[in-house]
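Topology and contacts: notes
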Amino acid sequence: MGDEGATLFGAFKSGNVLPAGVGQQEVWIMAAVSLVVVTASMWLWLLSLRRRPPGPMIWPWLGSMLEIAPQFDTMNDWYLNYFSADVKTFSFGMPGFPSCTKFVATVDPVIVEHILTNVYKYGKGDQLRDRLGDFLGRGIFLADGEDWRRHRKIASTEFSTRKLRGHSASVFRGEGVKLANCLKVAMAADQPVEIQDLFLRMTLDSICKVAFGVEIGSLSPDLPDVQFAKDFDNAQAHISKRVVRPMFKILRALDIGEEHHFRIATNSVHSFAMDVIAKRRKEIAAAHDAGEEYHRDDLLSKFMANLTQDENSYDDKELRDVIISFMLAGRDTTAVTLSWFTYEMCCHPEIADKIYEEGVAVIGKHTVVESAVEHLTHEALGQMHYLHAALSESLRLHPAVPRDGKCVLEEDVLPNGIKVKKGDFVQYVPYSMGRMPFLWGPDALEFKPERWLKDGVYQSVSPYIHSAFQVCF
């Protein structure tokens, strides 16, 4: 400390009001300058807050995690609170080094269409592949560019076949009968049921039959614990956590904690799939050696039988990844949708009555479940416009995937003028979109199937407004 500083310190310590050499005028000048500096600083800070675009604070390295972490269990509503007719898009950051990762969230249908149709500028990206690739491999969920087009072309061809549609309908009807019998037993015993668990069991059994041609049996009358189902659920739970945990790479490298359990679950699911593929190859080879045509209706068998050794052929690992991706896409999404639909029917019994009346009008009244289910053909379901409207309304308010998005593959400017660079993410938020009055009117929060009907006939809307079926494809 210099002599002048020491004099000042000593003077104040001794109780002198003014140190030697400092006059009253100087003190007032110093006070005025300090006041101006503080006031200007506060004004600039407040101005910066007012000019800051909508969204949470983005801190260096941490991104917006200080705000997001406490809201992790209510993230859907966290997104919703930021959106309005005036704020259709906002930005936030996720932790990263040397800089955080920028996320742009939107409910603007124009932006949704932009990112979903520009497949060479927006895709899954390396970050998502790094987080999910251990489980999903090279399936359609993680494919970009030409690889995505190849998966899409093959999948579209196989799923458009009449035989596969018929097989799928037959499987779901059969599993529906099992579910109805489980509910019938519970009703007779006056016992409550965990309906979402039953739906998850039904969809797992159905998807495994359609995809692999394998009977899992999780919806058997005694509702057994099925190891494959447990491992599949555990693997799903872990990959969702990886998205918001940047430290997972260290845990993965050390094979400790949740990453250790994730590896075990993933290996179990992969081994199950590879065993089925190996068995199916032997069956195809045996049929070929016997001069017979091999025929099974499941998706795996069709892929293996129809894709010869050309540019579209799949090796065993690709077959595994494709089938697991379709299982992931179809199992939980269907079960969650059925669960929310059941919830809405309990809340609105008058709507359930209308659906029942429509069903009776189309397929007749049946006292035996098996008889009723056999009449639920594609043609019959196509005549049930009110059912279609009620399901669409349930998906609007309770989308199976409440938010999804794309990684920016090359620098671009969104239709609203926001610049995004390679490595950023653009999310669209179906949960929030379904609740926006500017998209659905002032009654957006009401469960109202009639909004989908015109003169009793179902009316679809733009897939970029009702985006429930955009996931992965």
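Named according to an unreviewed UniProt entry, the protein is Cytochrome P450 originating from Physcomitrium patens. Its UniProt record, at the heading Cofactor (unreviewed entry), says of the protein: "heme".

1. Focus on the overall build of the protein
Counting secondary structure elements, the protein contains 20 helices and 9 strands. Within the span of the protein, comprising 473 residues, buried residues form 40% of the whole. Intrachain contacts of the protein at a sequence separation of at least 6 include 67% that bridge at least 24 residues. In the form shown here, the protein has an accessible surface area of approximately 25,900 Å², with 59% of it arising from carbon and sulfur atoms.

2. Topic: a nonpolar patch on the surface
Taken together, the side chains of Met57, Trp59, Trp61, Leu62 and Leu66 make up a nonpolar region of the molecular surface, amounting to roughly 530 Å² of accessible area. With respect to the element layout, tryptophan 61 can be found in the loop between α2 (24-51) and α3 (65-68).

3. With respect to the side chain of histidine 238
Of note, histidine 238 is situated in helix α10 (residues 227-242). We classify histidine 238 as buried; its relative accessible area is 13%. Apart from the residues lying within four places of it in its own chain, the contact partners of histidine 238 are Glu258, His261 and Phe262.

4. Details of the pairing of strand β4 (residues 404-408)
Note that strand β3 (residues 122-123) and β4 share 2 bridges and pair antiparallel. By the bridge assignment for β4, glycine 123 is matched with cysteine 407. In the sheet, β4 pairs with strand β7 (residues 425-428) via 4 bridges, with the strands oriented antiparallel. Considered in β7, the bridge of aspartate 404 is made with tyrosine 428.

5. Here's the deal with the sheet that holds β7
A sheet is described by the order of its strands in space; here 5 strands give the open sequence β1-β2-β7-β4-β3, paired in mixed fashion. Whereas interior strands pair on both sides, the edge strands pair on one side only; in this sheet they are β1 (89-94) and β3. Each of β1, β2 (101-106) and β7 touches helix α4 (residues 75-82); the most contacted strand, β1, lies at about 135° to it. Those strands touched by helix α5 (residues 109-117) are β1, β2, β3, β4 and β7, and its axis lies near 125° from that of β7.

6. With respect to the pairing of β7
Judged by which residues are buried, β7 turns out to be covered on both faces: Phe425 and Gln427 on one side and Val426 and Tyr428 on the other are all buried. As defined by bridge partners, β2 adjoins β7 across 4 bridges and the pair is classed as parallel. By the bridge assignment, alanine 105 is partnered in β7 with glutamine 427.

7. Some points on the environment of leucine 328
For leucine 328, the location among the structural elements is in helix α14 (residues 316-347). A relative accessible area of 14% places leucine 328 in the buried class. The spacing of leucine 328 and leucine 204 is 124 residues in sequence and 9.6 Å in space, taken between C-alpha atoms. Ignoring anything within four residues of it in the chain, the contact list for leucine 328 reads Leu136, Phe141, Phe232 and Gln236.

8. Points about the side chain of aspartate 205
The residue aspartate 205 is located in helix α9 (residues 195-211) in this model. Within the structure, the side chain of aspartate 205 is placed 3.0 Å from the backbone nitrogen of leucine 219, a separation counted as a polar contact. Apart from residues no more than four positions distant in its own chain, aspartate 205 is found in contact with Glu175, Glu215, Ile216, Gly217, Ser218 and Leu219.

9. Focus: the pattern of salt bridges
One pass over the full model with this rule turns up 29 salt bridges. Of the charged contacts, one joins lysine 178 and glutamate 175 as a salt bridge, the two residues approaching to 3.5 Å between their closest N and O atoms. Of this pair, lysine 178 and glutamate 175 both sit in helix α8 (residues 162-188), 3 residues apart, roughly one helical turn. For lysine 178, a relative accessible area of 31% translates into the label partly exposed. Ionic pairing is found between aspartate 255 and arginine 263, a salt bridge with its closest N-O pair at 3.0 Å. Here the residues in one salt-bridge network are Asp130, Asp134, Arg242, Lys249, Arg252 and Glu259, joined through shared partners.

10. Structural notes on the nonpolar core
Among the nonpolar cores identified, the biggest contains 39 residues, and Phe135, Phe228 and Met327 are the most heavily contacted of them. At the level of secondary structure, the elements contributing two or more residues to this core comprise α6 (125-136), α7 (145-159), α9, α10, α12 (257-289), α13 (299-306) and α14. The leading source of residues in this core is α14, at 7 residues. With residues up to four places along the chain from it excluded, the contact list for methionine 327 reads Leu204, Ile207, Cys208, Ala211, Phe212, Phe228 and Phe232.

Cut-offs used in this document
The numbers attached to residues start from 1 for each chain and follow its sequence in the written order. For this predicted model, a pLDDT threshold of at least 70 governs which residues receive local features, and a threshold of 80 or more governs which side-chain atom pairs are given and counted, while totals over whole chains, interfaces and linings are taken from all residues. Processing note: side-chain calculations cover all non-hydrogen atoms of the structure and skip hydrogens and water entirely. UniProt positions are given in the numbering used here, feature names are shortened, and annotations may be inferred rather than shown by experiment. Helix and strand labels come from DSSP, where a helix needs a run of H or I of at least four residues and a strand needs a run of E of at least two; each type is numbered from the N terminus. Burial here depends on accessible area, computed with a 1.4 Å probe over protein chains only, as a share of the maximum for the residue type. Under 20% is buried, over 50% is exposed, and the range in between is partly exposed. Throughout, a residue-residue contact means that at least one pair of heavy atoms, one from each residue, lies within 4.5 Å. Here the open area of atoms and residues is found with the Shrake-Rupley method and a 1.4 Å probe, where only the protein chains shown may cover a residue. Exposure above 30% relative accessible area and the lack of any salt bridge qualify a residue for a patch; like charges then connect within 9 Å, and the nonpolar side chains Val, Leu, Ile, Met, Phe, Trp and Tyr within 5 Å. Any carboxyl oxygen of Asp or Glu that lies within 4 Å of a side-chain nitrogen of Lys or Arg is treated as forming a salt bridge with it. Any two strands with at least two DSSP bridges between them are considered paired. Only the contacting stretch of a helix is used when fitting its axis, a line to C-alpha atoms as for every element, and angles between N-to-C directions run 0 to 180 degrees. By the criterion applied in these results, polar contacts are pairs of N or O atoms within 3.5 Å in which, for protein atoms, one can donate a hydrogen and the other can accept it, and in which residues neighboring in sequence qualify only through two side-chain atoms. The definition of a nonpolar core used throughout is a set of buried Ala, Val, Leu, Ile, Met, Phe, Trp, Tyr and Cys residues joined through side-chain atoms within 4.5 Å.

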